[in-house]
Amino acid sequence: HKMLSFRVMFPEVTIELQCKDLCLKTQWLATLVDACGNCLKLHEFVSGKASDLSLEGKLELLRKREYMEYTFKSLSDYKDGTYKGQWKDAKPHGIGEFSQTFTGQLYKGGLKEGKFNGEGEMLWFADKDSRKKYIGSFRSGEMEGYGEMKYSSGDVYSGSWSKGQRVGFGKLEEVSHKSSVYLGEWVGDKKKGYGIYDDKMKHTRYLGMWIDDLPNGPGMMVSSMGTYCEAIFTNGAISGGSDGFVIDPSGKSFMGRLGPDLKLAGKGILTLSDNTRISGWFSGSWHNRIEITKATLEESSFLTEQSDLQVARLDSRIGNITVMASNKWEPLFFECEKALGFLGSDAYSGWNKPDFPESRQKSNTVSISTMNIKAPVNLITLERARTFKYGAREPVPVLEVSTSCSSSPFHLHPTIDENMKVCQPLCLDSSNSTTTKPVPYFESGAKILGDNDSAVRENEYIEDVEKYINKAFQTSSHPLANLMNKLELVFHSSYGGIGSSKFLLPHAIAETHSIIKCLYGIVRSLFPVLHSEGQCLAFHRLEATSDLDDNISISSGCELLHPLVFTRLFPTLITLYVLHHEEMDRQYQSRVALLKQMNNTQLMNVIKFPSKLSNKIFGHETSLEISKVEKLHGDILLPSVIYILVMANVPHLGAYLHFLTDFAHTKAEDDYTLVTYEAAYNFVKST
């Protein structure tokens, strides 16, 4: 039967024909081929030249005609729509254009087996008020992957899509709302999860949790006037009667019961700018008149003791009712891990992020500092909101890595059993096409430094890792570079620009540490030779012939990422440090200006520099060499540093000392240096 039958495929129907004999089948085929050629107005058929060709030759002419136009009549998805483009097996396949008048759709781009697939553009033009245009990725006929949607209102969304909806990480610019911008998570075409919203109409910035396009859950808000507030939000406003914290640039603050529009609504503690505390019951508005009943007075300080350096102390009340840094920007790390192929492993099965429950118990309260925070109805509890976390980020047991073979900047990670192996070696130099020995996996804490050969071998591997990481961050198509670009964007959007505030510094510090830690988790999974965070890498590149600036001694895995991360985040981060230390640095600069007006003798007396050595340095004694005046000792170090700082007149010194304290992974002698500089800073400031 198969020898005597054949199938004719049309865009909307398929016909199977069966003939009595092969001769009749050949006649049918020849007639159908000639009819198709004339219908398509092919030159060879119209001119009659095709008559000299065999049946197979005529079929070949039809197959070469890839670009054709057809108007669908009955197929439901394409009814009354016209397609112009490439075909395969009687279905739109390749590059083409599809327009449908009654639905008001026009598509240009890739297709696969009759479905929109790949890169393309879609225009909705039926209704003037709801016109929109999408440019991006499609899969199986729906928007999938990254794309940009422009709406008739002028609003623009750029970010991730899934099954035609906004899902994952995305940015929405609301031109209709004075160019207000939302940057964060989306679920089911709505804002849900952690996000930032710069409201240009109200001149405020909100950073926190969202549900159904509205702030819901723990969050913080900063106004253009510098007022900082953190609280539990419900449907876009502070939950009435919930506990929160608000502070303005003068230092006046309130911790207690808050309501919408920063209204004080119950028990709390009001702290004045001189650190006087008033405890009692409060009502009224934070920006206008405050009424107090049953008040008591006391004095206290809220500076934390997290650092030995006084210059690095922060307000411990900030950050208690907000989302933890480790729980921010989860979709970004998810996308990177997916692009690197990690999701096939049990170690990278996505996040076990709990969804917001429909209902909750009425008596659900959690403790924050010395206050009870009661979450509002229909919201996740604050305790759960602050424990959102990634799934396991432990290294994959088997990950073979070759560091200089392929010219491709991407990695292929097929899952083999439950272990992942890199079958296309990680690229360092495209000119080197020989496969090198895979990087071995050193167990965490393994004592390999006793063996000189092992230490040298590991140093070589870590140098290769460093080269690879540097190249990955500089290659725009690499998942790590794409991740870092987005992290830079969200970091600046969170803490930079007009909404920048000194009260955001603790959050920025925590988020920077979290970014480095999460990035290192991904890098360590690519290179198991790296140890767990905080353990020694035994990487010392100190060559006698090299310049001092090229000598490197890395003692922590995360330090491999510091040059790459801080290059992107430092401008925004140091601005916050400068704002935090603005008053202290202004006082320091005024004292430096006074000291520089003194002559050398007066200055040396003020900073308590030894007089004999001072006279020898400034030429008042010439009979002895400096080294013979007296033996130099530790008491001379501090006056010497003070003199150098006064002469150098370093701007924002307090801000830079604070930054080094937070992020410089130093040894004991470096800590002593920081303490010495801080002592000199405080001496000048108090002179």
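Remember, predicted model here, so these are calculated numbers, not experimental data.

The geometry of an aromatic ring pair comes down to the distance between the two centres and the angle between the two planes. This model, assessed by the stated rule, comprises 28 aromatic pairs. Centroid distance Phe98 to Phe116: 6.2 Å. Interplanar angle 55 degrees. Geometry classified as tilted. Of this pair, Phe98 sits in strand β5 (residues 91–100) while Phe116 sits in strand β7 (residues 115–124), and the two are 18 residues apart along the sequence. Stacked on the ring of Trp124, the Lys or Arg Lys132 has its end atom at 5.0 Å from the ring centre. Seen from the ring of Tyr182, Lys191 lies directly overhead, with NZ or CZ sitting 5.4 Å from the centre.

Remark: helix α8 (residues 505–526) packs on helix α14 (residues 653–663), axes separated minimally by 11 Å, with the N-to-C direction vectors making an angle of 35 degrees. In this structure, α8 meets α14 at a crossing whose hand is right-handed. Contacts from Leu505, Ile509, Thr512 and His513 in α8 reach His658, Asp662 and Phe663 in α14. Residues belonging to the contact of α8 with α14 are distributed by class as follows: three nonpolar, three polar and one charged.

This next bit is on the environment of Ser590. Considering the arrangement of structural elements, one finds Ser590 in helix α10 (residues 582–596). Separated by 94 residues in the primary sequence, Ser590 and Val684 place their C-alpha atoms 9.5 Å from one another.

Here the focus is the environment of Tyr134. Take Tyr134: it is sitting in strand β8 (residues 132–139). Expressed as a C-alpha distance, the spacing of Tyr134 and Lys150, which sit 16 residues apart in the sequence, is 6.4 Å. Apart from residues no more than four positions distant in its own chain, Tyr134 is found in contact with Gly120, Glu121, Met122, Trp124, Met143, Glu144, Tyr146, Gly147, Glu148, Met149 and Trp161. Looking at Tyr134, its side chain comes within polar contact range of the main-chain oxygen of Ser137, at 2.9 Å.

A separate point is the environment of Gln100. Looking at where Gln100 falls in the secondary structure, it is placed in strand β5. When its relative accessible area of 3% is taken as the criterion, Gln100 is described as buried. Measuring from C-alpha to C-alpha, the distance between Gln100 and Thr71 comes to 9.5 Å, with 29 residues separating the pair along the chain. Once you skip the residues sitting within four places of it in the chain, Gln100 turns out to touch Asp77, Tyr78, Lys79, Asp80, Gly81, Gln105 and Phe125. Within the local environment of Gln100, its side chain forms a polar contact with the backbone oxygen of Lys79, the two atoms lying 2.8 Å apart.

Further remarks concern α10. Counted at 1.5 Å a residue, the expected span for α10 with its 15 residues is 21 Å, and the 21 Å between its end C-alpha atoms agrees. Among all positions in α10, only Asp585, Tyr588, Val592 and Leu595 are buried. Along the axis of α10, the buried positions cluster into a sector of 80 degrees, meaning they face one direction only.

Listed as buried for helix α4 (residues 330–339) are Glu330, Pro331, Leu332, Phe333, Cys336 and Glu337. For α4, the secondary structure elements touched by its buried residues are β11 (165–174), β12 (180–187), α7 (479–495) and α8. Two residues or fewer after α4 comes Gly341, characterised by a positive phi angle close to 85 degrees.

Moving on: the nonpolar core. If you look at the biggest cluster of nonpolar residues, it comprises 63 residues, and the most contacted ones within it are Tyr228, Leu487, Leu519 and Tyr577. Sorting elements by how many residues they give to this core places α8 first, with 11 residues. Once residues within four sequence positions are removed from consideration, Tyr577 is found in contact with Leu505, Ile509, Ala655, His658, Phe659, Asp662 and Phe663. Core analysis: the next-biggest nonpolar cluster, separate from the first, contains 35 residues, Phe138, Met143, Tyr206 and Val246 among them.

This part is about a nonpolar patch on the surface. Together, Phe10, Val13 and Ile15 make up an exposed nonpolar region whose accessible area comes to about 240 Å². In this fold, Ile15 is placed in strand β2 (residues 14–18). Exposure remark for Ile15: the relative accessible area of 36% places this residue in the partly exposed category.

What follows covers the side chain of Ser242. With respect to the helices and strands, Ser242 occurs in strand β18 (residues 242–247). For Ser242, a relative accessible area of 2% corresponds to the buried category. A polar atom in the side chain of Ser242 sits 2.8 Å from the backbone oxygen of Ser239.

Looking at the protein chain as a whole, the pLDDT averages 75, with 72% of positions reaching at least 70. Scored below 50 in pLDDT, residues 344–452 makes 236 contacts in the model with residues more than four places away or belonging to other chains.

Thresholds, definitions, all that
Counting restarts for each chain: residues are numbered from 1 in the order of the written sequence. With the structure being a predicted model, the display of local features is reserved for residues of pLDDT at least 70 and the display and counting of side-chain atom pairs for 80 or more, all residues being used for whole-chain, interface and lining totals. Note that water and hydrogens are dropped before the side-chain values are worked out from all heavy atoms of the structure. Two aromatic rings, drawn from Phe, Tyr or Trp (for Trp, its six-membered ring), form a pair once their centres lie within 6.5 Å of each other, and the interplanar angle then sorts them: stacked below 30 degrees, edge-to-face above 60, tilted otherwise. Labels follow the DSSP assignment, with helices taken as runs of H or I lasting at least four residues and strands as runs of E lasting at least two, numbered in each case from the N terminus. A ring is considered to have a charge above it if a Lys NZ or an Arg CZ atom is located within 6 Å of its centre and within 35 degrees of its normal. Fitted lines through C-alpha atoms serve as axes, helices being fitted only where they are in contact, and the angles separating the N-to-C directions of these axes extend from 0 to 180 degrees. In this scheme the handedness of a crossing depends on how the near helix is turned from the far one: anticlockwise by less than a right angle means left-handed, clockwise means right-handed. Whether two residues are in contact is decided by their heavy atoms: any pair within 4.5 Å suffices. Under this grouping Gly is polar, as are all residues other than the nonpolar Ala, Val, Leu, Ile, Met, Phe, Trp, Tyr, Cys and Pro and the charged Asp, Glu, Lys and Arg. Two N or O atoms count as a polar contact when they lie within 3.5 Å, although within protein this holds only if one can serve as hydrogen donor and the other as acceptor, and sequence-adjacent residues are included solely when both atoms are side-chain atoms. Only protein chains enter the accessibility calculation, which uses a 1.4 Å probe; a residue is then buried when its area is under 20% of its type maximum, exposed when over 50%, and partly exposed in between. Here the expected span of a helix is defined as 1.5 Å times the quantity of residues minus one. Here the arc refers to the directions that run from the helix axis out to each C-beta atom. Side-chain atoms within 4.5 Å are what join buried Ala, Val, Leu, Ile, Met, Phe, Trp, Tyr and Cys residues into a set we call a nonpolar core. To count toward a patch, a residue needs a relative accessible area over 30% and no salt bridge; like charges are then connected within 9 Å, while nonpolar side chains (Val, Leu, Ile, Met, Phe, Trp, Tyr) are connected within 5 Å. Accessibility throughout is a Shrake-Rupley quantity obtained with a 1.4 Å probe, and a residue counts as covered only by protein chains that appear here. By salt bridge we mean one thing: a side-chain nitrogen of Lys or Arg within 4 Å of a carboxyl oxygen of Asp or Glu. Each residue carries a pLDDT score, the predictor's confidence in it, ranging from 0 to 100.

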